[in-house]
Protein chains: 2
Amino acid sequence: MGRWEPDARDRLVRAALDLFSEQGYENTAVAQIAERAGLTKSTYFRHFRDKREVLFGGQDEILELLAGGIAGAPASAGALVAVEAALVAIAVTFTEERRANGPRRLAVIASNDELRERDALKMTGFAAAMVDALKRRGVSELGAEVAAELGVLALRRAYSRWLEAGGDFAEVARRALEEVSATAAALERAE
Amino acid sequence: MGRWEPDARDRLVRAALDLFSEQGYENTAVAQIAERAGLTKSTYFRHFRDKREVLFGGQDEILELLAGGIAGAPASAGALVAVEAALVAIAVTFTEERRANGPRRLAVIASNDELRERDALKMTGFAAAMVDALKRRGVSELGAEVAAELGVLALRRAYSRWLEAGGDFAEVARRALEEVSATAAALERAE
DNA sequence: TCAAGTGATGGGACTTGGTCTCATCAACCG
DNA sequence: CGGTTGATGAGACCAAGTCCCATCACTTGA
């Protein structure tokens, strides 16, 4: 396999996921990932900033979609409705290919602390993007933080359910947010 | 400074915080931290599992206190009241010394992605500990997750306020949780 | 047709985080 | 006083990540 084979980045992602699944994250060297993809370590680090990032690609796009979903919600919408719009907006990124690799990817992440750290930071990033967009709509700092945290919780639950059962992600996310916010409201009365 | 000087761990923490503040986290090598503490790299890694952890010591104790606070709450208490008990339970760890170093520590963490990752994972750990303890009380999975996330949000806000204004952490945390949960309840009506 | 330019890649030196093993030394103990 | 224990020092070693420069495929313009 010579130079200029297309889709170097995709090949790296597939090679990494395969190797991590086969032999574990810690037992896989970056050079090995690159080799399986027909590339070298140098090229790997041109595409991904570190060993972890190969499992978390495309999340910048999600940040933009979340912010855009909130900004584009009707002016009359409250914070939670805007968060719902954000979750619906990212549905386009939940493709069949992503669903096919989802379980393996989740298993790898769960197996390693470094990867769970990266995942936690990504979720923090999602929340921060929503907080920022909500505040631009005039939502209070606290209101934005609460709504965003509930949104991230709903997103996590929706993702896990979508991996299991499939279907339209937007619909799954809507139901998850509904559940989460209803639960949050019910917590109040239960003292 | 020979062997057997006491408080090796504390010396490492202080040296690390000083060096990180003076010259930045990335520009500081573990060997340099150890040297300033009168120790070697080997000894550093006996006390902390990696370069980051020196900034996050004592959080295992917090996990136990959180779980214990929830387990020890009155049987009649709802999920949010149990979470309040958890936040009150960790107040003993918020000492004056910790408050003195808090701002520098936060500044260092904010300056670096690796450290923000570790921080995010620690918060996830707090939430997981509370979810676990809440479920043992019979709270539903979803109810536990929502209550725990709101609890972590309140904890973050309380910490930041306590660093600024001081006072009894338990009281600050109680007020923060009150605000957060009231805001969560108010979100529902605002559609 | 060919020479210059461009962008992705290869290759290797280098630093540092982190692991591992073994030697060393201080304190404690019988 | 000799043996044990526990923390430390010392150094080899590997992999992650950075950096610099050479190389090659392809494009462009004369």
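Since this is a predicted model, take the numbers as computed values, not measurements. Numbering of residues starts from 1 in each chain and follows the order in which that chain's sequence is written. Written order decides the labels, with chains lettered from A and ligands numbered from 1. Local features in this predicted model are restricted to residues of pLDDT 70 or higher, and side-chain atom pairs are both shown and tallied only at a pLDDT of 80 or more, whereas totals for entire chains, interfaces and linings draw on every residue. Side-chain descriptors were evaluated using all non-hydrogen atoms of the structure, hydrogens and water having been removed beforehand.

Chemist: Give me the lowdown on the nonpolar core, citing residues and values where you can.
Modeler: Within the largest apolar cluster, 89 residues are counted, with the highest numbers of intra-cluster contacts made by Val 146 and Phe 169 of chain A together with Leu 134, Val 146 and Phe 169 of chain B. Filtering out sequence-adjacent residues up to four positions away, Val 146 of chain A remains in contact with Leu 150, Leu 153, Val 180, Thr 183, Ala 184 and Leu 187 of chain B. Among buried residues, those of type Ala, Val, Leu, Ile, Met, Phe, Trp, Tyr and Cys that are joined through side-chain atoms within 4.5 Å constitute a nonpolar core. Relative accessible area decides the class of each residue, using a 1.4 Å probe on protein chains only: under 20% of the type maximum gives buried, over 50% gives exposed, and in between gives partly exposed. Contacts are assigned to residue pairs that have any heavy atoms within 4.5 Å of one another.

Chemist: Pulling in residues and values, what's your account of the interface of chain B and chain A?
Modeler: Listed by partner, the interface residues are 34 residues for chain B and 34 residues for chain A. Note: buried area is the sum, over both parts, of the accessible area (probe 1.4 Å) each one loses when the two are combined. Interface area for chain B against chain A, summed over the two sides, is near 3000 Å², with a carbon-plus-sulfur share of 64%. Looking only at chain B, the three residues that lose the most surface to chain A are Glu 117, Leu 142 and Leu 187 of chain B, adding up to 21% of its buried area. Taking the shortest distance from any N to any O, the salt bridge between Glu 149 of chain B and Arg 156 of chain A comes out at 3.6 Å. Pairing of N or O atoms within 3.5 Å defines a polar contact, subject to two protein rules: one partner must be a possible hydrogen donor and the other a possible acceptor, and residues neighboring in sequence count only if both atoms are side-chain atoms. The interface formed by chain B and chain A holds four residue pairs in polar contact (both at pLDDT 80 or more) in total. For this analysis, a salt bridge means a side-chain nitrogen from Lys or Arg found within 4 Å of a carboxyl oxygen belonging to Asp or Glu.

Chemist: Before we move on, can you summarise the packing of helix α1 (residues 8-23) of chain B against helix α6 (residues 96-110) of chain B with the specific residues and values?
Modeler: In helix packing, the relevant descriptors are the interaxial angle and the interaxial distance, both defined with respect to the helix axes. All names here are of chain B. Between N-to-C directions, angles cover 0 to 180 degrees, with each direction set by a line fitted to C-alpha atoms, over the stretch in contact for helices. Numbered from the N terminus, helices here are DSSP runs of H or I no shorter than four residues, and strands are runs of E no shorter than two. With their axes 10 Å apart at the nearest point, α1 and α6 run at an angle of 55° to one another. What the angle tells us is that α1 and α6 run oblique. Considering the relative orientation of α1 and α6, their crossing is left-handed. On α6, the residues that touch Leu 17, Asp 18, Phe 20 and Ser 21 of α1 are Asn 101, Arg 104, Arg 105 and Val 108. Each residue receives one of three labels: charged for Asp, Glu, Lys and Arg, nonpolar for Ala, Val, Leu, Ile, Met, Phe, Trp, Tyr, Cys and Pro, and polar for the others, Gly being one of them. For the contact of α1 with α6, the per-class residue count stands at three nonpolar, two polar and three charged. Just so you know how the angles are binned, under 35 degrees is roughly parallel, over 145 roughly antiparallel, 65 to 115 roughly perpendicular, and the rest oblique. Note on convention: near helix rotated counterclockwise from far helix by under a right angle means a left-handed crossing. Clockwise means right-handed.

Chemist: An account of the side chain of Thr 93 of chain B is requested, with residue identities and associated values reported.
Modeler: Residue and element names in this part refer to chain B. By secondary structure assignment, the location of Thr 93 is in the loop between α5 (79-89) and α6. Here the side chain of Thr 93 touches Arg 98 through a polar contact of 3.3 Å, side chain to side chain. The residues touching Thr 93, leaving out its near neighbours within four places in the chain, are Glu 61, Ile 62, Leu 65 and Arg 98.

Chemist: Which residues make up helix α5 (residues 79-89) of chain A, and what are the values?
Modeler: Residues of α5 of chain A that are buried: Ala 79, Leu 80, Ala 82, Val 83, Ala 86 and Leu 87 of chain A. The arc that holds every buried residue of α5 of chain A, seen down its axis, measures 155°, which confines them to one face. The arc in question is traced by the directions running from the helix axis to the C-beta atoms.

Chemist: Can you lay out the pattern of salt bridges for me, pointing to particular residues and giving the numbers?
Modeler: All names here are of chain A. Counted according to the given criterion, the structure contains 38 salt bridges over all chains. For Arg 104, the salt bridge identified is with Asp 18, shortest N-O distance 3.0 Å. Residue Arg 104 is found in helix α6 (residues 96-110), and its partner Asp 18 is found in helix α1 (residues 8-23); the two are separated by 86 residues along the sequence. Residue Arg 104 is classed as partly exposed on the basis of its relative accessible area of 32%. The exposure class of Asp 18 is partly exposed, given its relative accessible area of 26%.

Chemist: A description of the UniProt feature "DNA-binding region" (unreviewed entry) in chain A should follow, citing residues and the corresponding values.
Modeler: Under the UniProt annotation, "DNA-binding region" (unreviewed entry) lies at residues 29-48 of chain A. In this annotation, residues 29-48 of chain A is assigned 70% helix and 0% strand; the end-to-end C-alpha distance for the span is 14 Å. UniProt positions are given in the numbering used here, feature names are shortened, and annotations may be inferred rather than shown by experiment.

Chemist: Describe the domain arrangement of chain A, listing the residues and the values that go with them.
Modeler: All names here are of chain A. Examined at the domain level, chain A breaks down into domain 1 (8-53) and domain 2 (57-189). Placing a centre on the C-alpha atoms of domain 1 and another on those of domain 2 gives a separation of 28 Å. At the interface, 10 residues of domain 1 touch 10 residues of domain 2. Buried surface at the junction of domain 1 and domain 2, summed over both partners, amounts to about 1100 Å²; 47% is from carbon and sulfur atoms. Looking at the side of domain 1 facing domain 2, the largest losses of area belong to Leu 17, Tyr 25 and Arg 52, adding up to 51% of the total buried there. A salt bridge links Arg 118 to Asp 50, with the shortest nitrogen-to-oxygen separation between them at 2.8 Å. Across the contact surface, domain 1 and domain 2 share seven residue pairs in polar contact (both at pLDDT 80 or more). Here the side of domain 1 that touches domain 2 is built from residues that sort into three nonpolar, one polar and six charged. Domain borders in the structure are assigned automatically or taken from a domain database.

Chemist: Give a detailed account of the relation of the copies chain B and chain A, specifying residues and quantitative values.
Modeler: With an RMSD of 0.0 Å, the operation that places chain B on chain A is a rotation of 180° combined with a shift of 0.0 Å along the axis. When the rotation and shift are considered jointly, the pair of chain copies conforms to a two-fold rotation axis. Same-surface contact between copies: 100% of interface residues of chain B are shared with the interface of chain A. In superposing the copies, a least-squares fit is computed on C-alpha atoms, taking residues whose pLDDT is at least 70 in both.

Chemist: Tell me about the packing of aromatic side chains, and name the residues and values.
Modeler: All names here are of chain A. Working definition: rings of Phe, Tyr and Trp (its six-membered ring) pair if their centres are within 6.5 Å, and the pair is stacked with planes under 30 degrees apart, edge-to-face with planes over 60 apart, and tilted otherwise. Tallied over the entire structure, the rule returns 16 aromatic pairs over all chains. When the ring of Phe 94 is compared with that of Trp 162, the centres are 5.2 Å apart and the planes differ by 90°; the resulting orientation is edge-to-face. Of this pair, Phe 94 sits in the loop between α5 and α6 while Trp 162 sits in helix α8 (residues 141-165), and the two are 68 residues apart along the sequence. For Phe 94, a relative accessible area of 9% translates into the label buried.

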